[in-house]
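Secondary and tertiary structure notes
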Amino acid sequence: MSTAAEATMASTALPSLGQTALSLIVVLGLIFALAWLLKRVQGVRLGGPANLRIHAGLQVGPKEKVLMIEAGGQHLLIGVSAGGVNTLHVFAEPPVAAVPETATDAPPIATAFRDVLKRSLGQKS
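Everything in this summary refers to the structure shown in the same document. (Residues numbered from 1 in each chain as written. Predicted model: local features only at pLDDT ≥ 70, side-chain atom pairs only at ≥ 80, totals over all residues. Heavy atoms only, no water.)

**Some remarks on the overall build of the protein**
Threshold: Strands here are runs of E lasting at least two residues and helices are runs of H or I lasting at least four, both read from the DSSP assignment and numbered beginning at the N terminus. Using a 1.4 Å probe on the protein chains alone, a residue whose accessible area is under 20% of its type maximum counts as buried, one over 50% counts as exposed, and one in between counts as partly exposed. The criterion used for residue contact is that any of the two residues' heavy atoms lie within 4.5 Å.
Along its length, the protein carries two helices and four strands. Written out in order from the N terminus, the α and β elements of the protein read α-β-β-β-β-α. The buried share of the protein, reckoned over its 125 residues, is 7%. Within the protein, counting contacts between residues at least 6 apart in sequence, those at least 24 apart form 1% of the total.

Put into structure tokens, the structure is as follows:
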């Protein structure tokens, strides 16, 4: 083969390789963009039941948990296990969560941590 033919083949192969690399980058970019979009809208449920919500949950075993749910205006305590789902209690009225009303109701370790954090940030307690 002559050097002119080799130069022609090399010059036509380079743009083809560039186009292939650019196409690969575009496809990978689309995959990452779609993954990011799905992660952002993961909490949004399209067409899901609007009157079904999980208020709280507690893991009580490797495959067992207790959930406080609201379904159709009723508050239920249910047990979920590998064997199925069981209703543990149906509340006559919505339960009220015990939440500390002021910072003084917080546990002592939380209050001590808050004070140390304020001192380290230069704020007065």
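**Description of the pairing of strand β4 (residues 84–91)**
Defined as follows: Strand pairing requires that DSSP identify at least two bridges connecting the strands.
Where strand β3 (residues 74–81) lies against β4, seven bridges are found, and the strand directions are antiparallel. Counterpart to I78 in the pairing with β4 is T87. Between β3 and β4, which follow one another and run antiparallel, lie two residues.

**Notes on the sheet that holds strand β2 (residues 65–71)**
For the record, the criterion: Note on method: axes are straight lines fitted to C-alpha atoms, helices fitted across the in-contact stretch only, with angles between N-to-C directions ranging 0 to 180 degrees.
Strand order in this open sheet of four strands is β1-β2-β3-β4, and the pairing throughout is antiparallel. If you trace the sheet from one side to the other, it starts and ends with β1 (52–59) and β4, each paired once. The sheet shows a mean angle of 25° between the axes of neighbouring strands, taken without regard to direction. In the sheet, β2 pairs with β3 via seven bridges, with the strands oriented antiparallel. Among the inter-strand pairings, V66 is bridged to a residue of β3, identified as G79.

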